[in-house]
Amino acid sequence: MPGAVLLVVATGAALIVAFLLLFCIVAPLTSPKPLALSGAHVMVTGGSSGIGKSIAIECFKQGAFITLIARNESRLLEAKKEIEKFSVNDKQVVHFISVDISKDCAHVAKVLKQAQEKLGPVDMLVNCAGTSVNGKFEDIDGSKFEQLMAVNYLGSVYPTHAVITTMKERRMGRIVFVSSQAGQIGVFGYSAYSATKFALRGLAEALQMEVKPYNIYITVAYPPDTDTPGYAEESQTKLLETKLISEASSICHPDHVARIIVKDAIQGKFFSSVGADGHMLAILTSGMSPVSSIAEALEGVIFMGFFRFISLYFIASFDSIVRRCMVQKEKSEKTD
Ligand SMILES: NC(=O)C1=CN([C@@H]2O[C@H](COP(=O)(O)OP(=O)(O)OC[C@H]3O[C@@H](n4cnc5c(N)ncnc54)[C@H](OP(=O)(O)O)[C@@H]3O)[C@@H](O)[C@H]2O)C=CC1
Ligand SMILES: CCCCCCCCCCCCCCCC(=O)[C@@H](N)CO
């Protein structure tokens, strides 16, 4: 048999064996039965604004009971009234709690326990509360690094800590951590913010390994820029470099982001991303994350190298943005 034909046959056989092996390894790892939100208790931190409020509305539209968590009571009341317009049956309830989730783990646990006594055990916890700080590393005060880690990271640890035991007892649950594309790429100006979002990834992977035997599934969401009150506030003082780099991804509507996050969380997908660039980033940064389907495993095995090649173009363009901004700054300082 000529060499070329032999090579094709051998390659084909190797691919079939590889696929069968992958199927045997991955099949037991794939995702669970989708969570039915009708009658489920969904708790959303940061649910009074932006992405969190849109997630609460999306879950309410699917029949869930909602607990909103934030600090400002008037915004919580406004959000409750807005969400209630979307009820699909007269049993549904929107409850809210005013608490700072970044302080005092025990107090957060006590308050969330009361919420579970009102609306029943939490079926899905969405850790969405968070904020960003933008500036050059040396210009961000050390206290801001601490505050951001407290809100964005510990503010996700404490509510999760408050519900995980009951989820394990019930052998079911979903936990969502809302990260960011800045939690997949360290971006100029986000040295404090990116670190808090990368931290969620490590927490989520370790926690998923612990709770998968209890039929509890973790989702890490990586939204791009999203048109929310938080984004509007951040944009007022955002560095030009951060703005230009972030424009590599499209700005999204919070309802669109929320629909994707809720769909992926219901299905127990570990990665939740938005758009083609988000999908490529998810595959590229998947590392040793859990696999949610055979298709996803195959896609990663086949395309990760290619996406790494594409990312080199983005990295080069980001470096060029930083250099151009530096030259412009030096020129304007000379003329001043
Ligand atoms: N908007 C964007 O471009 C993107 C946002 N994200 C992430 O999505 C999440 C939501 O962002 P976005 O919708 O823009 O934010 P918003 O600023 O619009 O809303 C933030 C929410 O979090 C609550 N919150 C903030 N700090 C605390 C706290 N210490 N304790 C309790 N609740 C708190 C706020 O209520 P209150 O102030 O009353 O406490 C509010 O409900 C954040 O984690 C953000 O990092 C990720 C990618 C893109
Ligand atoms: C191979 C594939 C490459 C894909 C390139 C995509 C480039 C993304 C650039 C980073 C965007 C950062 C958005 C931060 C949003 C956010 O969290 C803030 N708005 C805080 O509110």
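- The protein chain goes by 3-dehydrosphinganine reductase in an unreviewed UniProt entry, where it is assigned to Anolis carolinensis.
- In the Subcellular location (unreviewed entry) part of its UniProt record, the protein chain is described as follows: "Endoplasmic reticulum".
- For the protein chain, the Sequence similarities (unreviewed entry) comment in UniProt is given as "Belongs to the short-chain dehydrogenases/reductases (SDR) family."

As for the site of ligand 2
And then number 1: Around ligand 2 lies a shell of 21 residues, among which Ser180, Tyr190, Tyr193, Asp225 and Glu234 are the nearest.
And then number 2: For ligand 2, a nitrogen atom lies 2.7 Å from a polar atom in the side chain of aspartate 225.
And then number 3: With the chains in place, 94% of the 610 Å² that ligand 2 exposes on its own is no longer accessible.
And then number 4: Those elements giving two or more residues to the shell around ligand 2 turn out to be α7 (229-235), α8 (240-246), α10 (275-284) and α11 (294-335).

Side note on the layout of surface pockets
And then number 1: Roughly 690 Å³ of internal volume is contained in the second largest pocket.
And then number 2: Lining the second largest pocket we find 28 residues, and of these Ser286, Ser289, Pro290, Val291 and Glu296 sit closest to its centre.
And then number 3: When residues of the lining of the second largest pocket are traced back to their parent elements, those giving at least two are α1 (3-26), α6 (191-211), β7 (271-273), α10 and α11.
And then number 4: Of the residues forming the lining of the second largest pocket, the biggest block, six residues, is contributed by α11.
And then number 5: Looking at the lining of the second largest pocket residue by residue, the classes come out as 14 nonpolar, eight polar and six charged.

A short note on the sheet that holds strand β5 (residues 173-178)
And then number 1: Reading across the sheet, the seven strands line up as β3-β2-β1-β4-β5-β6-β7 and stay open at both edges, with parallel pairing between neighbours. Looking at the sheet topology across the chains shown, the edges are occupied by β3 (94-98) and β7. For this sheet, the mean inter-axis angle between neighbouring strands, taken without regard to orientation, is 15°.
And then number 2: In this structure, strand β6 (residues 216-222) lies alongside β7, joined through three bridges in parallel fashion. The partner of tyrosine 222 across the bridge, within β7, is serine 273.

Analysis parameters
- Residues numbered from 1 in each chain as written.
- Chains lettered and ligands numbered in written order.
- Predicted model: local features only at pLDDT ≥ 70, side-chain atom pairs only at ≥ 80, totals over all residues.
- Heavy atoms only, no water.
- UniProt positions renumbered as here; feature names shortened; annotations may be inferred.
- Near = heavy atom within 4 Å.
- Polar contact = N/O pair within 3.5 Å; in protein donor to acceptor, adjacent residues only side chain to side chain.
- Areas by Shrake-Rupley, 256 points an atom, 1.4 Å probe, with all protein chains shown as cover.
- Helix = DSSP H or I, 4+ residues; strand = E, 2+ residues; numbered from the N terminus.
- 1 Å grid on protein atoms, 1.4 Å probe; cavity = no way out; pocket = protein on both sides within 12 Å on 5 of 7 lines; lining within 4 Å.
- Points joined across faces, edges and corners; volume = space filled by probe spheres on them.
- Nonpolar A, V, L, I, M, F, W, Y, C, P; charged D, E, K, R; others polar.
- Pairing = 2+ DSSP bridges.
- Axes fitted to C-alpha atoms, helices over the stretch in contact; angles between N-to-C directions.

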